[in-house]
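# Summary of structural features
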Amino acid sequence: MMKVTNLRKSYGQGEAKVEVLKGINLEIIKGETLALIGKSGSGKSTLLSLLAGLDKADTGEIFVQGQKISSMSERELTHFRAHHMGIVFQQFHLVSTLTALENVLLPLELLKREGALETARNLLESVGLSHRSHHLPSELSGGESQRVAIARAVAIKPSILFADEPSGNLDEDTGDRVMELLFKMVADTGTTLVLVTHDQDLAKKCSRIIHLEHGSLL
Amino acid sequence: MKFKFFFVKEMKKFPFFFLLLAFTLLLGTMGLVGISIVTGQVQEKLKNNANELLTSDIAVSARRELFPAEQEALSRIFALYPHQRYKIIDIYSMITHIREKATRLVEIRATEEQFPFYGKLTLRSDKFENENLYVSKDLADLWQVKENDDLQIGELVMKVKGVVEDDSSMGLRGFSLAPRIYLPLSKLLQTGLIKPGATGSFAHHFKLKDYTQEKIQNIKSSIYREIKDSAVKITLPEDSSEQTGRVINTLTNFMALSALIGLILSLVGVFYLYQSHLLARLKDLCLLNLHGLTKREIVIGIIAQFSFIFFVVMLIELALIIPLYKILAPLLSNNLGIELNGEVHILSALTEIPFLFGLSLFILVPLLLGLMRTPMGLQLKASKLSMGRFRFWDFLPFIISLWLFSCYLSHSFRTGNLFFGSLLLVFLLSTLVVRGGQLLLRKMISGKGLLLPTIENGIALRGLTRSGHKLTLSFLSLAMGATLISLILQLDRMILKEFALDPKKPSLFIFDIQEEQMEPLTQHAKEIGAPLAYVTPMIRARLEKVNDKKYVKKKRSYDFRSKEEDEDQRFRNNSLNITYRNFLTDSEKIISGHPFPPGGASDDRLPFISLEKRWSERMDLSIGDKLTFDIQGVEFEGVVHNIREVKWTTFYPNFFVTVEPSMIEAAPKTFLAVLPSGPKDTKLMFQRSSVEKFPNISFIDVEELVGKLSGLFIKARQAIEVISWLSLAVGLVILYGLSHDQVYRRYYDLALMKSLGFSATRLRLNLLYEFGALFLSAMSLGLFLGWLMAQVVGKEVFKLSLSVDWGRILYPAGLLTVLCLVTILASSWRAVRARPRELLSDS
Ligand SMILES: Nc1ncnc2c1ncn2[C@@H]1O[C@H](COP(=O)(O)OP(=O)(O)OP(=O)(O)O)[C@@H](O)[C@H]1O
Ligand SMILES: [Mg+2]
């Protein structure tokens, strides 16, 4: 469902130029769970941001479900992402002026989905946070915030879900439970998952593992 | 280390914050420092002028010649102090320019040897000598009077010796009713104009050999003890300066208060800037605390840092203002009608700086206390940093000093309180509107989805309901700016309208018409084609008794007044001009009581009296009071029947006291009439020919007077307008800061919404809705409050009824809206274009 060819990305210019990705080729099959591992600074987050269309590559092509997202305009990309992709960040970003429920509601209403409110309530229920639905992000703990973020990412039933170290900012116990939840949600809906992590145990739970080192896949 | 941290590292790392802080402070204090320089100069000038205006140390005067007994008493009192003295008589009279055959009303000033003790008369050529006839420059210009021309003054013909270019005792008079001529007192007595019973000002001036304030006060009390007649007035230099300077003081006070609003706005900005800065720096401050810097040391460091910035700003300001002032001084001189030299006394510029510094520092008190209450050690463990909260009373030092400062600037508790009260009102209403609005919105959105009706609106509404006091602050600063602008624009319009040359306004005021002259004068006017209007009898009277008790004036409690001044008040002159008539003019309105009955007075009751509202308040009289007047020795009694409001600016003959036609018609009186507006030639012809036939009649050219008055107001308005635009500029800088900061704070929110599928356009729309709604409501409230205040002032000062001028409301509204929208877009431009990629990196 996703095909990447000869992807390159560098930051900076002249002396300060850093080549982060040096020609990535990758294919992702529908329904698989893919773990992306590598040392800190190896370019995992950079690759993820390109796959999710959050940033533009220097050269190379990315196809998602037959559509070439690498050459889409910013507008088209925004539209495509809203319909097909879900993202979970390490810093569990939530819109600070919206409550937990409204944060989950946001992508649904943006796409004008039928029964958005009902769906959002059910999702919060399934991540075990229905009693927190009217709290603002500043009133939620880290684990709770990340669970809301996961509920929001899967709300639109994306065809592919990206997660960048979703448990990185949580303690081990909470992190484990959040990851369990993520895997359960993905399994229930048959969503494709790309997970960035440097936790070997976590990676082993995925159907495939790929290594990134100095900007190349091993 | 501490020094390096607060003064070098911080400023290097956050140049934008410190620059914005400095700029906000600079704009906010500019108006006040500028005005304090002008005020300082004006005050000094007024003080120097005070003696020159009076021409002596003390003057004892009355509208009649002092009785022999009174003159003896004066001599007795002054015998104790070595002194010099002279007498000045000022009377109004018509004089004739014999060569031109032209006649005109002039003020005759008759003086004695040694006049003036202080100040001087500058002649075109030669020096002033107290033996000759001189004319003022106005008269010379108007009438082409030259040296050696003959003037007929009463029964005497005299040759003009010279022209007075400048008379220091004329001071700041924006206008005078009539031009002056000067002649020796001995000559005046030969003119036959001083008959027994003639009115004018008869003043005895004294100069002490060894002047002290104490001696003058002693003399003053002695005179009050010896001369009981309230018709005798004592004037000191302060009094004459106070009178002439009042217009200017009012003007500078008003400007100072407008500038204070600018300062308050900028301080709101400073508070806001510091708050977000401290929040951003909290993590580092906590770290410093962990490594041994106490909270107190941190707070002192911040205060030192702020003080440093403040004083740098003041230096820059003075460096800017002094050359600027040199350029502006001639312009200001023109506007204020007072000669200002371009020199700046650094001292007068410095007087207000400590106040400004205190006020600016006090606004930071809540933040610093909040910092003291922050559990810094604990904070580092928490994932989210938050500052200790501040409480309402943390603002008290600021609020109290603001109140004192506004009283100090306006030089009166009354005005200061009024100003502070209005500020408080704007503040309370703003808070109420914000809180009420938030409550309402919260109800509206509770349990609903995000589409209200669009998702951008829904998110904007949530932003509005969930931001706390920041919202109130930005609302407040905007509402205040809008209030000020609206107030000034509305007032401005009222003033212009009031002084517009209305064709219905009279062109000439004719007074001193004797009873037997009424017939022939009316006839004469008709022949010329300028029929007289509003012929009104005028009777000189004195209020003797109220409800059969001797009239004693009530004390005014609200002004700053010393004991001596209270004493002056007690000896106030109770004589006034009254009239009788059975109808109301267009400019009068009864506000309580009933009109006089149409049938006229009947013998079984006392005649009715109508009083002007403000005069009745000042004299403490009300409906039902029985008043006894002394009219040239005869008692007249009447009962207050109604209270009238009078629109004085119409310039129709109106009086504080109007009596129902009754026995009073028999009292000795003169008549007053009005020549309605018409061609200028007719006016001049009428004036000239009437004076030939009826030499005792006097005229006032109302058109000329109104022109001069409105000129004065227009100048005042210009000065005020400059200040209010300055305030608006401050408001906009703050607005920029506020929305920039808000948007920046939401940086991650915006990036996140982008990653969820919002386009830049939709984000911008969302911001526009949120801030737009905030700004529009703040502005509407401000414009409304400004309008309301202008109506109150208009009603109190100009007796205007409620009016709405949509042009004056919509034009600033349109302008402010555009400015606000541009500000929002400009401040959010970069943030909206943030790449969602940045969400992946650590914050
Ligand atoms: N905006 C940027 N400008 C310049 N260099 C960047 C930028 N973003 C990332 N880099 C560099 O690119 C390299 C890869 O960064 P990336 O964030 O992808 O690493 P990562 O594998 O996610 O590391 P980690 O495990 O620590 O999150 C790093 O060396 C980083 O310094
Ligand atoms: Mg990373």
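Residues numbered from 1 in each chain as written. Chains lettered and ligands numbered in written order. Predicted model: local features only at pLDDT ≥ 70, side-chain atom pairs only at ≥ 80, totals over all residues. Heavy atoms only, no water.

Another aspect to go through is the overall build of chain A. Of regular secondary structure, chain A possesses seven helices and 10 strands. Expressed as a percentage of the 218 residues in chain A, the buried residues total 56%. Accessible surface, chain A as shown: approximately 9,700 Å² in total, 48% of it carbon and sulfur. (Helix = DSSP H or I, 4+ residues; strand = E, 2+ residues; numbered from the N terminus. Buried < 20%, exposed > 50% of the residue type's maximum accessible area, 1.4 Å probe, protein only. Areas by Shrake-Rupley, 256 points an atom, 1.4 Å probe, with all protein chains shown as cover.)

Residue and element names in this part refer to chain B. The end-to-end C-alpha distance of helix α10 (residues 353–372) is 28 Å, a good match for the 28 Å that 20 residues give at a rise of 1.5 Å each. Where α10 bends most, at Val365, the angle is about 35°, and the proline Pro366 comes one to four residues later. Among all positions in α10, only Ile353, Leu356, Phe357, Leu359, Ser360, Ile363, Leu364, Pro366, Leu367, Leu368, Gly370 and Leu371 are buried. (Expected span 1.5 Å × (residues − 1). Bend = angle between axes of the 7 residues up to and from the residue.)

Next up on the list: the interface of chain B and chain A. Contacts between chain B and chain A engage 30 residues on the former and 35 residues on the latter. Summing the contributions of chain B and of chain A, the shared interface buries around 2,900 Å²; its carbon and sulfur component is 60%. At the junction of chain B and chain A, the tally comes to zero salt bridges. Across the contact surface, chain B and chain A share two residue pairs in polar contact (both at pLDDT 80 or more). Among the elements of the structure, α14 (455–466) and α21 (747–755) of chain B are those that each provide at least two residues to the side of chain B that touches chain A. The element contributing the most residues to the side of chain B that touches chain A is α21(B), with six residues. Looking at the side of chain B that touches chain A residue by residue, the classes come out as 12 nonpolar, eight polar and 10 charged. (Contact = heavy atoms within 4.5 Å. Buried area = accessible area lost by both parts, 1.4 Å probe. Salt bridge = Lys/Arg side-chain N within 4 Å of Asp/Glu carboxyl O. Polar contact = N/O pair within 3.5 Å; in protein donor to acceptor, adjacent residues only side chain to side chain. Nonpolar A, V, L, I, M, F, W, Y, C, P; charged D, E, K, R; others polar.)

Residue and element names in this part refer to chain A. Taken in spatial order, the six strands of this open sheet run β6-β7-β8-β3-β9-β10, and their pairing is mixed. Strands with a single pairing partner mark the edges of an open sheet, and in this sheet they are β6 (85–88) and β10 (216–217). Two elements, β6 and strand β7 (residues 160–164), share four bridges in a ladder whose sense is parallel. From the neighbouring strand, Gly86 faces β7, where its bridge partner is Leu161. Where helix α2 (residues 74–84) meets the sheet, it contacts β6 and β7, and its direction lies at approximately 80° from that of β6. Here helix α5 (residues 142–155) sits on the sheet in contact with β6 and β7, set at roughly 170° to β6. (Pairing = 2+ DSSP bridges. Axes fitted to C-alpha atoms, helices over the stretch in contact; angles between N-to-C directions.)

This next bit is on the pairing of strand β2 (residues 83–97) of chain B. Residue and element names in this part refer to chain B. Note: β2 against strand β9 (residues 201–208), eight bridges, orientation antiparallel. Bridge pairing in β9 places Ile88 opposite Ala203. As consecutive antiparallel partners, β2 and strand β3 (residues 102–111) are separated by four residues, and within that stretch Lys101 has a phi angle of approximately 55°, a positive value. Pairing analysis gives three bridges linking β2 to strand β6 (residues 150–153), with the strands arranged antiparallel. Among the inter-strand pairings, Thr96 is bridged to a residue of β6, identified as Gln152.

Further remarks concern a negative patch on the surface. All names here are of chain A. Taken together, the side chains of Asp171, Glu172, Asp173, Asp176, Glu180, Asp199 and Asp201 make up a negatively charged region of the molecular surface. Element by element, the count of residues in the negative patch is highest for helix α6 (residues 172–189), at four residues. With respect to the helices and strands, Asp173 occurs in helix α6. (Patch = residues over 30% accessible without salt bridge, like charges linked within 9 Å, V, L, I, M, F, W, Y side chains within 5 Å. Lys, Arg positive; Asp, Glu negative; His and termini not counted. Charge placed at Lys NZ, Arg CZ, Asp CG, Glu CD.)

Moving on, we get to the environment of Leu106(A). Inspection of the secondary structure puts Leu106(A) in helix α3 (residues 100–110). Put simply, Leu106(A) and Ile156(A) are 50 residues apart on the chain and 9.9 Å apart in space, counted from C-alpha to C-alpha.

The next thing to look at is the packing of helix α3 (residues 68–78) of chain B against helix α6 (residues 213–226) of chain B. Residues and elements named next belong to chain B. Contact geometry of α3 with α6 gives a least axis separation of 10 Å together with a crossing angle of 150°. In terms of orientation, α3 lies roughly antiparallel with respect to α6. Remark: the crossing between α3 and α6 carries right-handed chirality. From α3, Ala73, Leu74, Arg76, Ile77 and Phe78 reach across to α6, where they touch Ile219, Ser222, Ile223 and Glu226. When grouped by side-chain class, the residues that make up the contact of α3 with α6 number six nonpolar, one polar and two charged. (Parallel < 35°, antiparallel > 145°, perpendicular 65-115°, else oblique. Left-handed = near helix turned anticlockwise from the far one by under 90°.)

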